[in-house]
Amino acid sequence: MPGAGLCGIDIHLFEIYRWTNELEELKDKRVRLLGDCLISSGFLSYVGAFSWEFRNDMVYTDWKKDLLDRGIPLSEPFRIESILTNEVEISR
């Protein structure tokens with residue numbers, strides 16, 4: 001049974017590695033959350049009355065470019081759907 005102890009250590013080391021990577025990913029998401037929320041809140045508040053083409057151009061061309069020009073971080077690639085819903089809802 002000498003290998004049983006090593007297996008437990010390997011699993012523990014893997015979990016430490018996995019949680020460390022998850023923490024770094026969450027830190028990166030926190031930084032990009034500002035730009036993601038700015039565009040998403042503007043979308044919900046302002047663009048509902050316009051056509052799909054106009055909304056798409058406004059969000060992905062005008063607003064996204066404006067945030068990047070101002071140095072405000074946002075997710076790349078930015079998808080409004082990833083902020084306003086999740087994969088389970090999209091698949092329904």
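Here, the structure is the one placed above.
Our subject in this report is the structure included herewith. (Residues numbered from 1 in each chain as written. Predicted model: local features only at pLDDT ≥ 70, side-chain atom pairs only at ≥ 80, totals over all residues. Heavy atoms only, no water.)

When helices and strands are tallied, the chain shows 4 helices and 0 strands. Starting at the N terminus and walking to the C terminus, you meet the elements of the chain as α-α-α-α. Taken against the 2.2 N^0.38 rule, which gives 12 Å for 92 residues, the C-alpha radius of gyration of the chain at 20 Å runs more than 25% over that of a compact globule. In terms of principal-axis extent, the alpha carbons of the chain reach across some 70 × 35 × 15 Å. Per-residue burial for the chain yields a buried fraction of 16% across its 92 residues. The long-range share in the chain, meaning contacts at least 24 apart out of those at least 6 apart in sequence, stands at 54%. As displayed, the chain offers around 7300 Å² of accessible surface, 62% of which is attributable to carbon and sulfur atoms. For the chain, the distance from the average position of its 11 positive side-chain charges to the average position of its 16 negative side-chain charges is 3 Å. (Helix = DSSP H or I, 4+ residues; strand = E, 2+ residues; numbered from the N terminus. Rg over C-alpha atoms; globule rule 2.2 N^0.38 Å. Buried < 20%, exposed > 50% of the residue type's maximum accessible area, 1.4 Å probe, protein only. Contact = heavy atoms within 4.5 Å. Areas by Shrake-Rupley, 256 points an atom, 1.4 Å probe, with all protein chains shown as cover. Lys, Arg positive; Asp, Glu negative; His and termini not counted. Charge placed at Lys NZ, Arg CZ, Asp CG, Glu CD.)

A contiguous nonpolar surface patch, about 280 Å² in accessible area, is contributed by Ile-9, Leu-13 and Ile-16. A relative accessible area of 49% places Leu-13 in the partly exposed class. (Patch = residues over 30% accessible without salt bridge, like charges linked within 9 Å, V, L, I, M, F, W, Y side chains within 5 Å. Salt bridge = Lys/Arg side-chain N within 4 Å of Asp/Glu carboxyl O.)

This part covers unusual backbone geometry. Across the junction of Glu-76 and Pro-77, the peptide omega takes the value 0 degrees, indicating a cis bond. Take Pro-77: it is sitting in the loop between helix H2 (52–69) and helix H3 (80–84).

Glancing now at the pattern of salt bridges. Here the structure, examined in full by the defined rule, presents 7 salt bridges. Between Asp-69 and Lys-65 there is a salt bridge; the shortest N-O distance is 2.7 Å. Here Lys-65 and Asp-69 lie together in helix H2, a separation of 4 residues that amounts to about one turn. Its salt-bridge partner being Asp-66, residue Arg-70 comes within 3.0 Å of it at the nearest N-O pair. Taking relative accessible area as the criterion, Arg-70 reaches 61% and is therefore assigned exposed.

A word on H2. With 18 residues, H2 should reach 26 Å at 1.5 Å per residue; the first-to-last C-alpha distance of 24 Å fits that figure. Taking the largest bend as the criterion, H2 deviates by roughly 30 degrees, centred on Met-58. Taken as a whole, H2 has its buried residues at Met-58, Val-59, Lys-64 and Leu-67. Looking one or two residues beyond H2, the residue adopting positive phi is Gly-71, at roughly 80 degrees. (Expected span 1.5 Å × (residues − 1). Bend = angle between axes of the 7 residues up to and from the residue.)

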